[in-house]
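Residue-level listing of the chains:
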Amino acid sequence: GGSGIAQSNMLRARMRLSLQEHLWEFYRNNVNIPAEEQAMARRAALDICAELRVFLHAKLPDMPLREMYLSGSLYDDLQVVTADHAQLMVPLILEKNLWSSIPGEDTIMNVPGFWLVRRENLEYFPRNSSYWDRCMVGGYLSPKSVLEVFDKLVAGSINWPAIGSVLDYVIRPVVPSETLTLEVQYETDRKLYVDFLPLLVMEDGTSLIAKPHRLAAERHENLWRQSFRVAETARLRALDQEDGGCRCNCLKVAKAMCKLNPALNRLNSSQLTNAILLLSEKEGDWTQEALADRFLQLLRALVGHLEAGRLPCALSPKVNLFCELTEQEVDELGYTLYCALSDPEGLLRT
Ligand code: GDP
């Protein structure tokens, strides 16, 4: 009868309270990174970036690049657990009349969210009219070939031990590495990984990064990946600012949970950010008191997206952010999260 319902409501409220407490405790103890640790990691990344700028200007004055810059969660206060990685963005300059971008859905591969960059006007501006023609494969600018150019430089012709000793760091390129990564040891017990990320900014503002498609490598080799990171992070932050919400906290808890649980490693920040953005379209209460409710809802939403095999990008719904997962990975992630719905605290144990 009525009292049974009241009792189960009370029980549910109590469970929620304890999850709420658990989440904030997890946030304080495991998710959040002390400001000082973040500052040290940022300093090390900045030192390396400065050295590389000097080196590239001196060694390759003709290479058409805009100034390199650092980016990533370390700079948006969205890094979790340890301050250990950053991206070094390397923007290439392309001649407007020589290169054009073709959306992935208009190609034989039919993958929204990826693009081909085609060389134009070869008859009037023959090969080598553009510096980046050296990275052209089959008429397209190849991200793989661009990465190889930097790989040769960074792994081959920079004297890292010498630079390291000046900066008092131990620096070495990580091999093998799919993206081009430097490992920087800046304290006896602290390491930072810096990824080189070549980047194209097209005329309409579309950002394309040289980060290969994970599956069917060969067929997709010439594809550039569209990056939504700047826009999606800005939107999340703006929503929180409007209502003093906890979306960023919720994201950081979810990121830490995925980082600390091997079964969830395949879920990345972009997927989690977009799942929260989609949830924000339906759900208005993101007050600090609602963290546990929203967190559970996020888990449920992720299970739903995994069941559908599809997570639309909030900024471009035709993009499926699960398109690089195998069916088996989708099943495993879905199963892990489904089980977690009845014991969410299990995922927060460290
Ligand atoms: P975290 O590494 O999980 O803390 O997440 P980040 O928000 O720092 O995202 C970094 C990942 O996003 C890397 O794998 C990048 O390759 C990828 N990424 C895609 N676009 C961008 C971009 O515009 N900037 C940066 N820094 N990373 C990007």
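Use the structure listed above.
What counts and what doesn't
- Residues numbered from 1 in each chain as written.
- Predicted model: local features only at pLDDT ≥ 70, side-chain atom pairs only at ≥ 80, totals over all residues.
- Heavy atoms only, no water.
- Helix = DSSP H or I, 4+ residues; strand = E, 2+ residues; numbered from the N terminus.
- Buried < 20%, exposed > 50% of the residue type's maximum accessible area, 1.4 Å probe, protein only.
- Contact = heavy atoms within 4.5 Å.
- Areas by Shrake-Rupley, 256 points an atom, 1.4 Å probe, with all protein chains shown as cover.
- Lys, Arg positive; Asp, Glu negative; His and termini not counted.
- Charge placed at Lys NZ, Arg CZ, Asp CG, Glu CD.
- Near = heavy atom within 4 Å.
- Polar contact = N/O pair within 3.5 Å; in protein donor to acceptor, adjacent residues only side chain to side chain.
- Nonpolar A, V, L, I, M, F, W, Y, C, P; charged D, E, K, R; others polar.
- Phe/Tyr/Trp six-rings, centres within 6.5 Å; stacked < 30°, edge-to-face > 60°.
- Lys NZ or Arg CZ within 6 Å of the ring centre and 35° of its normal.
- Core = buried A, V, L, I, M, F, W, Y, C linked by side-chain atoms within 4.5 Å.
- Pairing = 2+ DSSP bridges.
- Salt bridge = Lys/Arg side-chain N within 4 Å of Asp/Glu carboxyl O.

A short note on the overall build of the protein chain
1) Next: Scanning the protein chain for helices and strands turns up ten helices and 13 strands.
2) Next: Judged by the C-alpha coordinates and their principal axes, the protein chain covers about 85 × 50 × 40 Å.
3) Next: Counting all 350 residues of the protein chain, 50% fall into the buried class.
4) Next: Taking all contacts inside the protein chain whose residues are at least 6 apart in sequence as the whole, residues at least 24 apart take part in 62%.
5) Next: Only carbon and sulfur atoms are counted for the fraction: they give 52% of the accessible area of the protein chain, which is about 17600 Å².
6) Next: Across the protein chain, the 37 positively charged side chains and the 46 negatively charged ones have centroids separated by 1 Å.

Some remarks on the site of the ligand
1) Next: In the vicinity of the ligand there are 13 residues, among which S71, S73, H85, S227 and S269 approach most closely.
2) Next: In the model, an oxygen atom of the ligand is placed 2.8 Å from a nitrogen or oxygen of the K211 side chain.
3) Next: In this structure, an oxygen atom belonging to the ligand sits 2.5 Å away from a side-chain N or O atom of S269.
4) Next: At three residues, the largest contribution of residues to the shell around the ligand is made by strand β2 (residues 85-91).
5) Next: In terms of residue class, the shell around the ligand is made up of three nonpolar, seven polar and three charged.

Focus on the packing of aromatic side chains
1) Next: A full pass over the atoms with the stated rule returns three aromatic pairs.
2) Next: Between Y131 and W132, the aromatic rings sit 4.9 Å apart at their centres with planes inclined by 75°, giving edge-to-face as the arrangement. Of the two residues examined, Y131 and W132, each falls in the buried class.
3) Next: A centroid spacing of 6.3 Å and a plane angle of 35° characterise the contact between F150 and F196, whose relative ring orientation is tilted. Linking F150 in helix α4 (residues 143-157) with F196 in strand β9 (residues 190-201), this pair joins segments that are 46 residues apart in sequence.
4) Next: Over the aromatic face of W99 sits the side chain of R119, whose NZ or CZ is 5.8 Å from the ring centroid.
5) Next: Here R134 stacks its cationic end above the ring of Y131, 3.6 Å away from the centre of that ring.

Brief notes about the nonpolar core
1) Next: The biggest cluster of nonpolar side chains holds 51 residues, and the ones touching the most others in it are W132, L141 and F150.
2) Next: At the level of secondary structure, the elements contributing two or more residues to this core comprise α2 (35-59), β2, β4 (114-119), α4, α5 (160-167), β8 (180-187) and β9.
3) Next: The element that contributes the greatest number of residues to this core is α2, accounting for eight residues.
4) Next: Beyond its immediate stretch of four places on either side in the chain, L141 contacts L94, W99, V117, W132, C135, M136, V146, L200, N222 and W224.
5) Next: Within the second largest apolar cluster, 50 residues are counted, among which are L78, V80, A254 and L302.

Regarding the pairing of β2
1) Next: Most of β2 is tucked away, with six of its seven residues classed as buried.
2) Next: The pairing of strand β1 (residues 69-71) with β2 spans three bridges and is classified as antiparallel. In the sheet register, Y69 faces β2, and the bridge partner there is M89.

Quick look at the pattern of salt bridges
1) Next: One pass over the structure, following the stated rule, counts 18 salt bridges.
2) Next: Here R118 makes a salt bridge to E120, at a shortest N to O gap of 3.0 Å.
3) Next: Its salt-bridge partner being R172, residue E183 comes within 3.0 Å of it at the nearest N-O pair. A residue pair is termed long-range when its members are at least 10 positions apart, and E183 in strand β8 and R172 in strand β7 (residues 170-173) qualify at eleven residues.
4) Next: Take E183: its relative accessible area is 8%, and that puts it in the buried class.
5) Next: Classification of R172 by relative accessible area gives partly exposed; the value is 39%.

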